[in-house]
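Coordinate inspection notes
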Amino acid sequence: MASYLEQNQERFLSELIDWLRIPSVSADPKFHGDVLRAAEYLKTRFEEVGLQNVELCPTAGNPIVYGEKIIDPSLPTVLVYGHYDVQPADPYELWDSGPFEPVIKDGKIYARGACDDKGQVYMHVKALEVMNQEGGVPCNVKVMIEGEEEIGSNNLSIFVRNNREKLKADVILISDTGILSNDQPSIEVGLRGLSYHEVEVTGPNRDLHSGLYGGAVANPINVLCKMIASLHDENNHITIPAFYDKVAVLSPEERAELNRVPHSDEEFKQSIGLPATYGEEGYTTVERIGIRPTLDVNGIWGGYTGEGAKTVIASKAYAKISMRLVPHQTSQEITEIFQKHFESIAPAGVTVVVKPHHGGEPVVTPTDSVAYQAAADAMETTFGKRPIPTRGGGSIPIVAMFKTELGLDSVLLGFGLDSDAIHSPNEHYGVFNFLKGIETIPHFYRNYAARMQ
């Protein structure tokens, strides 16, 4: 006899596709109404799967969708976190199909938010429905899904701080990460922090004719490029003074253990169309992504970029620059030293303004906890292989915030793949991964409840 999941998987996929059609882009005000529609859609789904006290909790920004199912106050409580907002889909012309016109092709769901994070959030909603049909949820559950993760979660910490009793739990469960492959599951136990800035370089008080003024004034675009180039040396080591002072240094044994994960540089290069890997000298690709800090330019603009030619020296040039941080760096300290350094290297003839955006702290979670073991056992049951603990290169700033405000560790039970193109055109999420998540999550609850007795 087919399981409840097997009987209903087409409906589950159809519901997810309906949700993905809603362009819940938090970064662009023109989508604000759609962000609210996405929250309302999720609220209705919460109610349908039997969550109680379901509400849209207002914040100074987008609402938080909350629901709970308290079976017995004496039982352990799992707090599920995720986000329903998505990254901007630009540039639209690079999508093979509309970013908000979901299609399933070659076993993958193509849409903005398919993996990050709507698809992974919806696994939890449907896992609750499956558990309700197959003996019930074995412990208490609270679900909190926010709408501002992609713009820094600025209002989430305020909400958490003001609702500690409401959110009281024993562990936090998050699916906003990935696995090594569909053949080899993994659980991320480390995440990098983030320090994000926008920089502005100003030269003359207006755009100038490059023939009349070229060679006699500082060109802000030229200057900005030189300043950015100076932030790395010939070994791709970041040159900002004191940047590495607090970076946690792993022992040779720890580095060897980290490099045990299945990884092929050849496959890595092929997957993203590059002839060679690139990064800080002396470290492997796995180490560069997982345990070393980085500095990257995320965008750069200025001057004339339209059709044809316009011989102009721009008055201003801009860039967005982010740094991924590792233990024991802090976003506040790195923000301060970056701002001080970038302003100090500006040559005469220009002025520089550094505008800090959002940040987040690096985190390492324990692998010997009851919750981690419950998750590892769950994955072993459904994948047939024990998951490998890994350190991810991305940032989920709220993990450290949850530890500070609620005193809780998080389990990062994600099912995405590095190849899912999150934050990029043609983002997708495997149907296999979506369904495998729904299959695995109930095992986590059962394992966790049993281990906590």
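Throughout this document, residue positions are counted from 1 along each chain, in the order its sequence is written. In keeping with the predicted nature of the model, local features appear solely for residues at pLDDT of at least 70, side-chain atom pairs appear and are counted solely at 80 or more, and the whole-chain, interface and lining totals rest on all residues. Water and hydrogen atoms play no part in the side-chain values, which are based on all heavy atoms of the structure.

1. Some points on the overall build of the protein chain
By definition, any uninterrupted DSSP run of H or I lasting at least four residues is a helix, any uninterrupted run of E lasting at least two residues is a strand, and each is numbered from the N terminus. Assigned secondary structure in the protein chain consists of 13 helices and 18 strands. We take the radius of gyration over the C-alpha atoms and set the globule estimate at 2.2 Å times the residue count to the 0.38 power. Relative to the 2.2 N^0.38 estimate, which gives 22 Å for 453 residues, the radius of gyration of the protein chain is 23 Å and therefore close to what a compact globule would have. Each principal axis of the C-alpha atoms in the protein chain carries an extent, and together these give about 80 × 50 × 45 Å. Relative accessible area decides the class of each residue, using a 1.4 Å probe on protein chains only: under 20% of the type maximum gives buried, over 50% gives exposed, and in between gives partly exposed. Residues counted as buried form 52% of the 453 residues belonging to the protein chain.

2. Quick word on the nonpolar core
What tends to happen in soluble globular proteins is that the nonpolar side chains get buried as a cluster. Among the nonpolar cores identified, the biggest contains 64 residues, and Trp19, Phe46, Val78, Leu413, Phe434, Phe444 and Tyr445 are the most heavily contacted of them. If you tally residues by element for this core, the top one is helix 13 (residues 431–451), at nine residues. Throughout, a residue-residue contact means that at least one pair of heavy atoms, one from each residue, lies within 4.5 Å. Contact partners of Phe434, with chain neighbours within four places excluded, come to Phe12, Leu13, Leu16, Gly119, Tyr122, Met123 and Tyr429. Ranked by size, the runner-up nonpolar core spans 26 residues in total, among them Leu224, Ala319, Met323 and Val326. What we call a nonpolar core is a set of buried Ala, Val, Leu, Ile, Met, Phe, Trp, Tyr and Cys residues that are connected through their side-chain atoms within 4.5 Å.

3. Details of the domain arrangement of the protein chain
Along its sequence, the protein chain is carved into domain 1 (5–191 + 362–452) and domain 2 (193–247 + 293–360). Centre-to-centre, using C-alpha coordinates, domain 1 lies 35 Å away from domain 2. In total, domain 1 and domain 2 occlude about 680 Å² of area from one another, counting both sides; carbon and sulfur atoms represent 63% of this. Contact with domain 2 buries surface across domain 1, with Pro362, Ser395 and Pro397 losing the most and accounting together for 64% of the total. Grouping the constituent residues of the side of domain 1 that touches domain 2 by class yields five nonpolar, five polar and no charged. How far each domain reaches was decided by an automatic or database domain assignment. Values labelled buried area give the accessible surface lost by two parts on being combined, using a 1.4 Å probe and summing over both. Classification used: nonpolar for Ala, Val, Leu, Ile, Met, Phe, Trp, Tyr, Cys and Pro, charged for Asp, Glu, Lys and Arg, polar for all others including Gly.

4. Some words on the packing of aromatic side chains
Two rings belonging to Phe, Tyr or Trp (six-membered ring only in the last case) form a pair when the distance between their centres is within 6.5 Å. Interplanar angles under 30 degrees mark stacking, angles over 60 mark edge-to-face geometry, and anything in between is tilted. Evaluation of the coordinates by the stated rule reveals 12 aromatic pairs. Taken together, a centroid distance of 5.3 Å and an interplanar angle of 10° make the contact between Trp301 and Tyr318 stacked. Taken together, the positions of Trp301 in strand 11 (residues 294–302) and Tyr318 in strand 13 (residues 316–325) put the pair 17 residues apart, joining distant regions of the chain. Judged by relative accessible area, which is 37%, Trp301 ranks as partly exposed. With a centroid separation of 6.4 Å and an interplanar angle of 15°, the aromatic rings of Phe383 and Phe415 are classed as stacked. Residue Phe383 is located in helix 11 (residues 370–383), and its partner Phe415 is located in the loop between strand 17 (410–412) and strand 18 (428–430); the two are separated by 32 residues in the primary sequence. In this pair, the class of Phe383 matches that of Phe415, namely buried.

5. Considerations on the sheet that holds strand 13
Here a strand pair is declared whenever DSSP counts at least two bridges between the two strands. Ordered by their spatial adjacency, four strands build an open sheet running 11-13-9-14, and the pairing between neighbours is antiparallel. At either end of the open sheet lies a strand with only one pairing partner, and these are strand 11 and strand 14 (351–360). Sheet twist, expressed as the mean angle between neighbouring strand axes with direction ignored, is 15°. Where strand 9 (residues 193–202) meets strand 14, eight bridges bridge the pair, whose relative direction is antiparallel. Bridge assignment links Glu200 to a residue of strand 14, and that residue is Val353. Here helix 6 (residues 220–229) sits on the sheet and contacts strand 9, strand 11, strand 13 and strand 14; the angle it forms with strand 13, its principal contact strand, is near 15°. Helix 10 (residues 331–344) contacts strand 9, strand 11, strand 13 and strand 14 of the sheet and is inclined by roughly 165° relative to strand 14. Axis definition: a line fit to C-alpha positions, over the contact stretch in the case of helices; interaxial angles, taken between N-to-C directions, run 0 to 180 degrees.

6. Things to note about helix 3 (residues 118–133)
Given the number of residues in a helix, its expected span is that number minus one, multiplied by 1.5 Å. For helix 3, with 16 residues, the first-to-last C-alpha span of 23 Å sits near the 22 Å given by 1.5 Å per residue. Here helix 3 lies mainly inside the structure; 14 of its 16 residues are buried. Phi turns positive one or two residues past the end of helix 3, at Gly135, with a value near 105°.

7. A look at unusual backbone geometry
Each neighbour pair has its own omega, and for Asp90 with Pro91 the value is -5°, a cis peptide bond. As for its position among the elements, Pro91 is in the loop between strand 3 (77–83) and strand 4 (103–105). Of note, the amide linkage connecting Pro327 to His328 takes the cis form, showing an omega dihedral of 10°. Relative to the helices and strands, His328 is located in the loop between strand 13 and helix 10. Phi is positive for Asn53, close to 50°, though the residue is something other than glycine.

8. Describing the pairing of strand 8 (residues 186–191)
Within strand 8, six of the six residues are buried, leaving the element largely enclosed by the surrounding structure. Relative to strand 16 (residues 388–391), strand 8 runs parallel, the two being bridged by four bridges. In the sheet register, Glu188 faces strand 16, and the bridge partner there is Thr390. Bridging between strand 8 and strand 15 (residues 363–364) involves two bridges; their strand directions are antiparallel.

9. Overview of the pairing of strand 13
Within a regular strand, side chains alternate between the sheet's two faces. In terms of burial, strand 13 is a largely internal element, seven of the 10 residues being buried. By the bridge criterion, 10 bridges tie strand 9 to strand 13 in an arrangement that is antiparallel. Within strand 13, the position partnered with Gly193 by the bridge is Leu325. Judged from the eight bridges that link them, strand 11 and strand 13 form a sheet pairing that is antiparallel. Within the sheet, the bridge partner assigned to Asp296 lies in strand 13 and is Ser322.

10. Comments concerning the sheet that holds strand 18
The three strands are arranged 4-5-18 in an open sheet whose pairing can be described as antiparallel. Each of the sheet's edge strands pairs with one partner strand only, and the pair in question is strand 4 and strand 18. For this sheet the average axis-to-axis angle between neighbouring strands, irrespective of direction, equals 30°. As paired strands, strand 4 and strand 5 (residues 108–110) are joined by three bridges and run antiparallel to one another. Each residue of the ladder has a partner; that of Lys105, found in strand 5, is Lys108.

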